[in-house]
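The residues making up each chain are set out below.
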Amino acid sequence: MHLFYTTSSFGWDPRAKKEEMFHSHARLVLCERCDDAPLGSESISPESRIVAYTIFRFEREAKQDVVYCYELQVTEESRGLGVGKLLMGSLFDIGSRWRMKNVMLTVFKTNSAASAFYKSLGFDLDPSSPGCAEEGDWKDEELDCDYVILSKSIP
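Keep in mind it's a predicted model, so treat the numbers as computed, not measured.

**Q** Please explain the nonpolar core as it appears in this structure.
**A** In summary, soluble globular proteins display a tendency toward joint burial of nonpolar side chains. Counting 25 residues, the largest nonpolar core has Met88, Leu105, Tyr118 and Phe123 as its most contacted members. Elements represented by at least two residues in this core include exactly strand 1 (27-32), strand 2 (50-61), strand 3 (64-74), helix 4 (83-97), strand 4 (102-108), helix 5 (112-120) and strand 6 (147-153). The dominant element in this core, judged by the number of residues it contributes, is helix 4, at 5 residues. With residues near it in sequence (within four places) discarded, Tyr118 still touches Leu72, Met88, Leu105, Val107, Phe123 and Leu150.

**Q** Even after reading the chapter, I still don't get the packing of aromatic side chains, so can you show me in this structure?
**A** What characterises a pair of aromatic rings is the spacing of the ring centres plus the angle enclosed by the ring planes. As enumerated under the stated definition, the model contains 6 aromatic pairs in all. Judged by centre distance (6.3 Å) and plane angle (55°), the ring pair of Phe58 and Trp98 falls under tilted. Here Phe58, found in strand 2, pairs with Trp98, found in the loop between helix 4 and strand 4; they are 40 residues apart in sequence, far enough to count as distant. With relative accessibility at 57%, the residue Trp98 sits in the exposed group. Geometry around Tyr70 places Arg57 over its ring, the cationic atom sitting 4.4 Å from the centre. When the ring centre of Trp98 is taken as origin, the NZ or CZ atom of Arg97, which lies over that ring, is 5.9 Å away.

**Q** I keep staring at the pattern of salt bridges and nothing clicks. Help me out?
**A** Charged atoms that come close allow side chains of opposite charge to pair. A full pass over the atoms with the stated rule returns 3 salt bridges. Put simply, Arg15 and Glu19 hold a salt bridge, and the shortest N to O gap is 3.4 Å. Of the two residues, Arg15 and Glu19 are both situated in helix 2 (residues 14-21); the distance of 4 residues between them amounts to about one turn of the helix. Judged by its relative accessible area of 64%, Arg15 falls in the exposed class. One salt bridge connects Arg60 with Asp65, and the closest N-O pair in it is separated by 3.0 Å. Judged by relative accessible area, which is 33%, Asp65 ranks as partly exposed.

**Q** What is the right way to look at the environment of Val66 in this model?
**A** With respect to the helices and strands, Val66 occurs in strand 3. The exposure class assigned to Val66 is buried, which follows from its relative accessible area of 0%. On a C-alpha basis, the gap between Val66 and Phe56 in space is 10.0 Å, while along the polypeptide they are 10 residues apart. Ignoring any residue separated from it by four or fewer positions in sequence, one finds Val66 in contact with Arg57, Phe58, Glu59, Glu61, Met100, Asn102 and Met104.

**Q** Looking at this model, I keep getting lost on the sheet that holds strand 3. Mind explaining?
**A** Strands in a sheet are paired, the pairing made by backbone hydrogen bonds, and the direction either parallel or antiparallel. Pairing is mixed in the open sheet, where 6 strands are placed in the order 1-2-3-4-6-5. Edge positions in the sheet fall to strand 1 and strand 5 (124-125), since each of these pairs with one other strand and no more. With 6 bridges joining them, strand 1 and strand 2 adopt antiparallel strand pairing. Across the sheet, the residue bridging to Glu32 is Ile50, located in strand 2. Contacting strand 2 and strand 3, helix 2 runs over the sheet at an angle of about 125° to strand 3.

**Q** It is not clear to me how the side chain of Ser129 should be interpreted in this structure. Could you clarify?
**A** Summarising the element assignment, Ser129 is placed in the loop between strand 5 and strand 6. If we ignore the near neighbours within four places in the chain, the residues touching Ser129 are Val148 and Ile149.

Rules and cut-offs
Residues numbered from 1 in each chain as written. Predicted model: local features only at pLDDT ≥ 70, side-chain atom pairs only at ≥ 80, totals over all residues. Heavy atoms only, no water. Core = buried A, V, L, I, M, F, W, Y, C linked by side-chain atoms within 4.5 Å. Buried < 20%, exposed > 50% of the residue type's maximum accessible area, 1.4 Å probe, protein only. Helix = DSSP H or I, 4+ residues; strand = E, 2+ residues; numbered from the N terminus. Contact = heavy atoms within 4.5 Å. Phe/Tyr/Trp six-rings, centres within 6.5 Å; stacked < 30°, edge-to-face > 60°. Lys NZ or Arg CZ within 6 Å of the ring centre and 35° of its normal. Salt bridge = Lys/Arg side-chain N within 4 Å of Asp/Glu carboxyl O. Pairing = 2+ DSSP bridges. Axes fitted to C-alpha atoms, helices over the stretch in contact; angles between N-to-C directions.

In structure tokens form, the structure reads like this:
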């Protein structure tokens, strides 16, 4: 993700990123690797057991209560195993439990793997996304924006 930020209009600001991640409204869901090591085993540090995480907040967007996914990170060796799908499913479960209307997120246009992943889960361009026309199509004058906002309704 660091590369996507450094080459984007956002730029990389470690302090701002840390503030975003540890904001008092931010919530974290971790996914740990399962293995056969006995409890209390020193063979794997707790940090290396984490294979994925998502950071989200409950937000108000366009007069609707939403779960806003700020981060979804999956280790390279855990990609393609359904871990990201599991974490996104947990955001929908949490949102449903708290009667939120949508799950929303921002994705860099250059992050084609993430865009394809979210599309496979049924996410669409949100009307609030830069460059989005009312019909869900692009407006030509805002094509220079390097990110899009995606959303999906919570059933």
